[in-house]
Amino acid sequence: VLGRHDGIVRFTVGQRRGLGVAAGEPLFVVRIDAERAEVVVGPRSRLEVDRIGLRDLNWLGDGTLAAAADAGTHLHVRLRSSQALRPARLTRSAGNGEPEVQLAEADLGIAKGQACVFYGDGTPDARLLGGGTIAATALAAAALAWGQHRGTVVYSAPRAGAAEEGVVRRSQQPRTPNPEPPAQ
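A quick note: this is a predicted structure, and the numbers were derived from the prediction, not measured. (Residues numbered from 1 in each chain as written. Predicted model: local features only at pLDDT ≥ 70, side-chain atom pairs only at ≥ 80, totals over all residues. Heavy atoms only, no water.)

S.K.: I'd like a rundown of the side chain of E100, residues and numbers included.
M.R.: As for its position among the elements, E100 is in strand 7 (residues 99-108). On the basis of relative accessibility, which here comes to 1%, the residue E100 falls in the buried class. For E100, the side chain forms a polar contact with the side chain of Q102, separated by 3.5 Å. (Helix = DSSP H or I, 4+ residues; strand = E, 2+ residues; numbered from the N terminus. Buried < 20%, exposed > 50% of the residue type's maximum accessible area, 1.4 Å probe, protein only. Polar contact = N/O pair within 3.5 Å; in protein donor to acceptor, adjacent residues only side chain to side chain.)

Set out below in structure tokens:
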């Protein structure tokens with residue numbers, strides 16, 4: 001047992017402070033599983049995401065969203081309101097065929113429920129192409145390598161209710177990325 005928590009409502013992806021867990025390296029919240037009342041923590045590299053699955057998509061660009069995803073359309077995205085536009089590609093997930101965003105460079109602390117907004121280029125007056133709500137994220141290769149070799153620390157509460165006290169334990173199962181990686 002590494003520690004205890006009072007419920008998942010007290011945590012957010014990317015959080016470092018107030019975890020109540022001492023470790024040899026700084027730990028961050030990397031995932032929250034509300035159904036299981038688990039808060040998964042790990043090193044900063046476990047926050048690196050390079051693919052984003054989306055829901056509730058709106059497409060304002062030329063043609064259809066399906067055609068843009070099939071073509072692997074290059075665009076820029078904004079994942080936080082104060083963040084600069086980042087280069088990305090709109091593609092289809094190999095796992096379920098739904099549109100997904102592949103970031104040119106991994107980003108930290110992207111979580112389900114955040115907005116992902118598409119723009120035509122990286123200029124301040126770029127054309128708005130659409131966007132959606134983040135439904136899933138896939139870990140970058142560096143984050144996956146850590147999980148395969150060192151395990152994942154899980155900060156959990158009993159299923160009876162997130163407000164109940166829980167314990168921290170170390171899981172031996174690495175997180176499986178979702179959506180699935182593209183076929184090679």
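S.K.: Outline the sheet that holds strand 9 (residues 128-139), listing residues and values.
M.R.: Taken in spatial order, the six strands close into a barrel running 4-7-6-5-8-9, and their pairing is antiparallel. When strand polarity is set aside, the average angle formed by the axes of neighbouring strands in this sheet is 45°. Across five bridges, the pairing between strand 5 (residues 73-78) and strand 6 (residues 86-92) is antiparallel. What sits directly across from H74, in strand 6, is R89. (Pairing = 2+ DSSP bridges. Axes fitted to C-alpha atoms, helices over the stretch in contact; angles between N-to-C directions.)

S.K.: Which residues make up the environment of V40, and what are the values?
M.R.: Examined against the element boundaries, V40 turns out to sit in strand 3 (residues 38-42). Residue classification places V40 among the buried residues on the basis of a relative accessible area of 1%. Between the C-alpha atom of V40 and that of F28, which follows or precedes it by twelve residues, the distance is 8.4 Å.

S.K.: Can you explain unusual backbone geometry? Please cite residues and give values.
M.R.: Residues other than glycine seldom take positive phi values, yet D56 does so here, at roughly 50°. Locating D56 in the fold gives a position in strand 4 (residues 48-59).

S.K.: Pulling in residues and values, what's your account of the pairing of strand 3?
M.R.: The element strand 3 is extensively covered by neighbouring structure, given that five of its five residues are classed as buried. Along strand 3, one buried face is formed by E38, V40 and G42 and the opposite face, lined by V39 and V41, is buried too. In this sheet, strand 3 lies alongside strand 2 (residues 28-33) in antiparallel orientation, the contact comprising five bridges. By the bridge assignment for strand 3, V29 is matched with V41.

Without other data, these values stay purely geometric and don't point to any function.
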